[in-house]
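# Results of the structural survey
Each chain is listed here by its residues.
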Amino acid sequence: MYGAGDVRIENRPDPTIQQPTDAVVRTVLSCVCGSDLWPYKSMPATGTGRPMGHEFLGVVEDTGSDVSGVRTGDLVVAPFTYCDNTCDHCARGLHFSCRQGGRYGFDGVDGGQGEAVRVPQADGTLVRLPAAADAALLPSLLALSDVMTTGHHGAVTAGVGHGDDVLVIGDGAVGLCAVIAARRRGAERIILMGRHAARTDLGRDFGATDVVAERGEEGIARVRDLTGGDGVEKVIEAVGTRQTLQTALGSVIDGGTISRLGVPQYEEGPVGPSMIMRNLTLTGGASPARAYIDELLPDILDGTIEPGRVFDKSFSLDRTPDGYRAMADRRVLKALLAL
């Protein structure tokens, strides 16, 4: 990405092993993330460009001398940040804060939207998938790299459990995966707030019991009407604007919990005395995707959950800029990149 709206396909040097803990993965599937759209809308122009993509699934082509957990030929999925999975932060479930970790596309590390990726800390990062994984499962397995584990993180941090009323704000891929996660954890009522019928219909398939198309005060009133006037116990906010935070605060019952998953596009919010007096909990954050993959993988393999359905259009690698445009224009929910 060279700036807002400027995504290009370039030939780059083939990745090679640079550290004994590295692996080189040939990409089979990648995708465009909703968080990629923020720089796509606002990134200042640059003369060097930034490798893009942090969600990918592929086949190991080479490994460093210290790598023992994966071998050449293994099918693997990579969480959206790399990590050693052994440091004190990882042990606490904070893989995003790993002391040896980092992000794809920065500090000389490849982006996931390309033919191959050098993966640092391969033993801690890569998760080996069943060698005979059915091709039909691959999109759902790819979803483990970010959107499904992020949606799950929202349900976990919000404390969603059996019998809960849950509001999911946002009908993007993460919001829809949060619906899957809330249902999986036993929520009784799941209200999905979104305005795109094709997406909210998919949300109903995933387990949403109600859909609220209204926004702002009208949306808050509708949620409270559905819950007898008090609001919901748990909110998963999967957009990241100040308006959606205000909607969350207006929709949650006193003593309830709001989990923020959307990358905030604001620095200040309405979190003053009124929030404190209501005993609300504000939580969420960047998902420790690596911590959740092992838990969610069996449910994908046996068909219990199908997060890969959020990928509604496939693009070849050379059409990646078209995938960005289609998502930015809301013509596509989540663009799959097939290599």
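Everything discussed here concerns the structure shown above.
Everything quoted here is computed from the prediction, not taken from an experiment.

### Observations concerning the overall build of the protein chain
Helix and strand counts for the protein chain stand at 12 helices and 15 strands. Rg of the C-alpha trace for the protein chain: 20 Å, near the compact-globule value of 20 Å for 339 residues, within the 12% margin. In terms of overall dimensions, the protein chain has a C-alpha envelope of 60 × 40 × 40 Å along the principal axes. A separation of at least 24 residues holds for 70% of the contacts in the protein chain among residues at least 6 apart in sequence. Taking the average place of the 33 positive charges on the side chains of the protein chain and the average place of its 44 negative ones, the gap between the two points comes to 3 Å.

### A closer look at the packing of aromatic side chains
Aromatic rings in a pair are described by how distant their centres are and how their planes are angled relative to each other. Evaluation of the coordinates by the stated rule reveals 4 aromatic pairs. Between Tyr 40 and Tyr 324, the aromatic rings sit 5.3 Å apart at their centres with planes inclined by 40 degrees, giving tilted as the arrangement. Taken together, the positions of Tyr 40 in helix 1 (residues 37-42) and Tyr 324 in helix 12 (residues 320-328) put the pair 284 residues apart, joining distant regions of the chain. Exposure class is identical for Tyr 40 and Tyr 324. Each is buried. With a centroid separation of 5.2 Å and an interplanar angle of 80 degrees, the aromatic rings of Phe 56 and Tyr 104 are classed as edge-to-face. Placement of the pair is Phe 56 in strand 2 (residues 56-63) and Tyr 104 in the loop between strand 5 (102-103) and strand 6 (116-119), with a sequence separation of 48 residues. In terms of burial, Phe 56 and Tyr 104 fall into one category: buried. In this arrangement the basic side chain of Arg 8 is found over the ring face of Tyr 2, its NZ or CZ atom lying 3.8 Å from the centre. Of note, Lys 41 hangs over the ring of Trp 38, and the distance from its end group to the ring centre comes to 5.3 Å.

### Concerning the pairing of strand 9 (residues 189-193)
The buried fraction of strand 9 amounts to 4 of the 5 residues, a majority that puts the element mostly inside the structure. One ladder, built from 5 bridges, connects strand 8 (residues 165-169) with strand 9; its direction is parallel. The residue bridging Val 166 from the neighbouring strand is Ile 190, located in strand 9. In the classification by handedness, the crossover that spans strand 8, the intervening helix 6 (residues 173-184) and the parallel strand 9 is right-handed. Pairing of strand 9 with strand 10 (residues 210-212) involves 3 bridges; the strand directions are parallel. Bridging across to strand 10, Met 193 finds its partner in Val 212. Where the polypeptide runs from strand 9 across helix 7 (residues 197-206) and back to strand 10, its parallel neighbour, the crossover connection is right-handed.

### Observations concerning the pairing of strand 3 (residues 75-78)
Both faces of the sheet carry side chains from a regular strand, because those side chains alternate between them. Side-chain alternation along strand 3 places Leu 75 and Val 77 on one buried face and Val 76 and Ala 78 on a second face that is also buried. As paired strands, strand 2 and strand 3 are joined by 4 bridges and run antiparallel to one another. Bridging across to strand 3, Phe 56 finds its partner in Ala 78. By the bridge criterion, 2 bridges tie strand 3 to strand 7 (residues 127-128) in an arrangement that is antiparallel. Across the sheet, Val 76 pairs through a bridge with Arg 128, a residue of strand 7.

### Focus: the environment of Ala 91
As for its placement among the helices and strands, Ala 91 is situated in helix 2 (residues 88-91). As a C-alpha pair, Ala 91 and Ala 291 span 200 residues in sequence and 9.2 Å in three-dimensional space.

### Regarding helix 12
For helix 12, the complete set of buried residues consists of Thr 320, Pro 321, Gly 323, Tyr 324, Ala 326 and Met 327. Packed against the buried residues of helix 12 are helix 1, strand 14 (313-316) and strand 15 (335-338). Two residues or fewer after helix 12 comes Arg 330, characterised by a positive phi angle close to 60 degrees.

### Concerning the pattern of salt bridges
In this structure the tally under the stated criterion is 18 salt bridges. Between Arg 319 and Asp 322 there is a salt bridge, and its shortest N-O distance comes to 3.2 Å. The exposure class of Arg 319 is partly exposed, given its relative accessible area of 34%. Classification of Asp 322 by relative accessible area gives partly exposed; the value is 26%. Because the salt bridges share partners, they merge into one network encompassing Arg 184, Glu 295 and Asp 299.

### Describing helix 5 (residues 147-158)
An α-helix turns once per 3.6 residues; consequently, residues spaced three or four apart project the same way. Compared with the 16 Å implied by 1.5 Å per residue over 12 residues, the 17 Å span of helix 5 between its first and last C-alpha is a close match. With 10 of 12 residues buried, helix 5 lies mostly within the body of the structure. Along helix 5, the residues that are buried comprise Val 147, Met 148, Thr 149, Thr 150, Gly 151, His 152, His 153, Gly 154, Ala 155 and Ala 158. The secondary structure elements touched by the buried residues of helix 5 are helix 4 (138-143), helix 6, strand 11 (232-237), strand 12 (252-260), strand 13 (281-284) and helix 11 (289-301). One or two residues past the end of helix 5 sits Gly 159, with phi positive at roughly 75 degrees.

Reading the values: the criteria
- Residues numbered from 1 in each chain as written.
- Predicted model: local features only at pLDDT ≥ 70, side-chain atom pairs only at ≥ 80, totals over all residues.
- Heavy atoms only, no water.
- Helix = DSSP H or I, 4+ residues; strand = E, 2+ residues; numbered from the N terminus.
- Rg over C-alpha atoms; globule rule 2.2 N^0.38 Å.
- Contact = heavy atoms within 4.5 Å.
- Lys, Arg positive; Asp, Glu negative; His and termini not counted.
- Charge placed at Lys NZ, Arg CZ, Asp CG, Glu CD.
- Phe/Tyr/Trp six-rings, centres within 6.5 Å; stacked < 30°, edge-to-face > 60°.
- Buried < 20%, exposed > 50% of the residue type's maximum accessible area, 1.4 Å probe, protein only.
- Lys NZ or Arg CZ within 6 Å of the ring centre and 35° of its normal.
- Pairing = 2+ DSSP bridges.
- Right-handed = clockwise from strand over helix to strand, strands pointing away.
- Salt bridge = Lys/Arg side-chain N within 4 Å of Asp/Glu carboxyl O.
- Expected span 1.5 Å × (residues − 1).

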